[in-house]
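# Tertiary structure, described
Single-letter residue listing:
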Amino acid sequence: VAPNWPVYTGDLALSNQSKNLTLNGASQLTVTGTLTINPGYTLTVNANGYIMVGVGWLDNGTFIPGTGFVEFNGSNPGYIQAATAQTFYNLIENKTNTTLTIYQNVIINGNLITQ
């Protein structure tokens, strides 16, 4: 795995242990489980970073999407849940034979891509 393309197997939570996270340039983050942004923590995408999520997106903190991509992939049912309307720049739904459930309003400033 390239140094700017980390893969996290399982669930990843931004919290007092992992702190805030910033993806710069063309970096890529893969989380095979659920990505959680806890209250008081921030996930920032500068430029066109890429986040791949295998299961869920739980945002109770702050997500700054930049011009990046968030892709939901894999064969497990997925979901998006946030404290308020969730803004993405580019959102890709690439679930295999399953669903992506959205629990509140989603705002897409770039593209919605379904595969």
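See the structure printed just above.
Fair warning: this is a prediction, and the values are worked out from it, not measured in the lab.

One open sheet holds the six strands; their spatial order is β1-β4-β7-β10-β13-β16, and the pairing between them is parallel. Both edges of this open sheet fall to β1 (7-8) and β16 (112-114), since each of them pairs with a single strand only. Across four bridges, strand β7 (residues 50-53) lies against strand β10 (residues 69-74) in parallel orientation. Each residue of the ladder has a partner; that of Val53, found in β10, is Phe72.

What follows is about the packing of aromatic side chains. Scanning the entire structure with this criterion turns up five aromatic pairs. With centroids separated by 4.8 Å and ring planes inclined at 80°, the aromatic side chains of Trp57 and Phe63 adopt a geometry described as edge-to-face. A relative accessible area of 0% means that Trp57 is categorised as buried. On the numbers, 6.4 Å between centres and 70° between planes, the contact of Tyr79 with Tyr103 is edge-to-face. Linking Tyr79 in strand β11 (residues 78-82) with Tyr103 in the loop between β14 (100-102) and β15 (106-108), this pair joins segments that are 24 residues apart in sequence. On the accessibility criterion, Tyr103 (53% relative accessible area) is exposed. An aromatic cluster is present here, built from Trp57, Phe63 and Phe88 joined pairwise through their rings.

Within the open sheet, the three strands sit side by side as β3-β6-β9. Their pairing is parallel. Each edge of the open sheet is held by one strand with a lone partner, namely β3 (21-23) and β9 (62-64). Looking at each pair of strands side by side, their axes are set apart by 5° on average, direction ignored. Summarising the sheet, strand β6 (residues 42-45) and β9 pair through three bridges and their orientation is parallel. Bridge pairing in β9 links Leu43 to Phe63.

So, how was this worked out
- Residues numbered from 1 in each chain as written.
- Predicted model: local features only at pLDDT ≥ 70, side-chain atom pairs only at ≥ 80, totals over all residues.
- Heavy atoms only, no water.
- Pairing = 2+ DSSP bridges.
- Helix = DSSP H or I, 4+ residues; strand = E, 2+ residues; numbered from the N terminus.
- Phe/Tyr/Trp six-rings, centres within 6.5 Å; stacked < 30°, edge-to-face > 60°.
- Buried < 20%, exposed > 50% of the residue type's maximum accessible area, 1.4 Å probe, protein only.
- Axes fitted to C-alpha atoms, helices over the stretch in contact; angles between N-to-C directions.

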